[in-house]
Amino acid sequence: DINDNYHIIFNDEILRNTKQLTEIESKRKKIALFCGPDDKFIRHIIERQASKHEIKTFSNGSIQEMHNLMKWSDISWFEWCDGLILHATKLPKECRIICRLHSYEAFGDIMKQVNWQVVDDLIFVAPHIRDIAINQMPSIKNNTHLHVIPNGVNLQKYEFKDRKKGLNIAYVGYINHKK
């Protein structure tokens, strides 16, 4: 269930792993979500967590606006390992920083430009993507907490139909060279 998978992301290990977050446990957490123009993977997280936490999203704006939102937040979540996380890691550290690296980002050079010493948690969507990232940057495992949390699929959106044996093939997702 997609909600169970995303609940893992916001579990105690990540949300309460620092003294800073322990001090603010009694109040709703302020979470800034930096997703750029593509929020398709984080939309469900926003919906699920909005009743528990105060959430603001950032898709486009100046670096100063980004910094202001990071100062406001207890947690800044970067949905992609892209230019947003690159710029954020050059700013003074204001909050807990989480980055979710999907897949294509592990094959490019931007990952090597991020200051991983200020990123608290790095989430990979699959073990092989984590391995590719570590192979490119072995020191990353010393600088941040690494997690593998696969993308969830809301199975309730798809009705299962019994079918007779044959050549029926179904694929859910976008087909490209990585898949």
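What comes next concerns the included structure. This is a predicted model, so every value here is computed, not measured.

The parallel open sheet is built from six strands, whose spatial order is β2-β1-β3-β4-β5-β6. Looking along the sheet, the strands with just one partner apiece sit at the ends: β2 (54-58) and β6 (145-148). Going across the sheet, the axis of each strand differs from the next one's by a mean of 20 degrees, ignoring polarity. Where strand β5 (residues 121-124) lies against β6, four bridges are found, and the strand directions are parallel. Counterpart to Leu122 in the pairing with β6 is Leu146.

This next bit is on the pattern of salt bridges. Pairing of side chains with opposite charge becomes possible as their charged atoms draw close. Summed over all chains, the structure comprises five salt bridges. Of the charged contacts, one joins Glu79 and Arg100 as a salt bridge, the two residues approaching to 2.6 Å between their closest N and O atoms. Separated by 21 residues along the polypeptide, Glu79 in the loop between β3 (75-78) and α6 (83-88) and Arg100 in strand β4 (residues 96-101) bring together distant segments of the chain. The closest approach of N and O atoms between Asp120 and Lys93, which form a salt bridge, is 2.7 Å. With a gap of 27 residues between them, Asp120 in the loop between α7 (110-113) and β5 and Lys93 in the loop between α6 and β4 connect regions that are remote in the sequence. Judged by its relative accessible area of 40%, Lys93 is partly exposed.

Ranked by size, the top nonpolar core spans 31 residues in total, and within it Phe34, Met70, Phe78 and Trp116 carry the most contacts. At the level of secondary structure, the elements contributing two or more residues to this core comprise β1 (30-34), α5 (63-72), α6, β4, β5 and α8 (127-136). Here Met70 is in contact with Phe34, Ser76, Phe78, Ala88, Leu91, Glu94, Cys95 and Ile97, once residues within four sequence places are set aside. Among the nonpolar cores identified, the runner-up in size contains eleven residues, and Ile31, Ile45, Trp77 and Ile98 belong to it.

Quick look at α8 now. When we look at burial in α8, the residues that qualify are Ile129, Ala133 and Ile134. The arc that holds every buried residue of α8, seen down its axis, measures 135 degrees, which confines them to one face. Turned more than 90 degrees away from the buried face of α8 sit His128 and Asn135, all of them exposed. Looking at the buried side of α8, the elements it contacts are β4, α7, β5, α9 (140-143) and β6.

Right, let's talk about α5 for a bit. Taken as a whole, α5 has its buried residues at Met66, His67, Leu69, Met70 and Trp72. Taken together, the buried residues of α5 touch β1, β2, β3, α6 and β4.

Here the second largest pocket defines a volume of roughly 150 Å³. Taken together, Tyr158, Glu159, Phe160, Lys161, Arg163, Ala170 and Val172 make up the lining of the second largest pocket. Split by residue class, the lining of the second largest pocket holds four nonpolar, no polar and three charged.

The rules we used
- Residues numbered from 1 in each chain as written.
- Predicted model: local features only at pLDDT ≥ 70, side-chain atom pairs only at ≥ 80, totals over all residues.
- Heavy atoms only, no water.
- Pairing = 2+ DSSP bridges.
- Helix = DSSP H or I, 4+ residues; strand = E, 2+ residues; numbered from the N terminus.
- Axes fitted to C-alpha atoms, helices over the stretch in contact; angles between N-to-C directions.
- Salt bridge = Lys/Arg side-chain N within 4 Å of Asp/Glu carboxyl O.
- Buried < 20%, exposed > 50% of the residue type's maximum accessible area, 1.4 Å probe, protein only.
- Core = buried A, V, L, I, M, F, W, Y, C linked by side-chain atoms within 4.5 Å.
- Contact = heavy atoms within 4.5 Å.
- Arc of directions from axis to C-beta.
- 1 Å grid on protein atoms, 1.4 Å probe; cavity = no way out; pocket = protein on both sides within 12 Å on 5 of 7 lines; lining within 4 Å.
- Points joined across faces, edges and corners; volume = space filled by probe spheres on them.
- Nonpolar A, V, L, I, M, F, W, Y, C, P; charged D, E, K, R; others polar.

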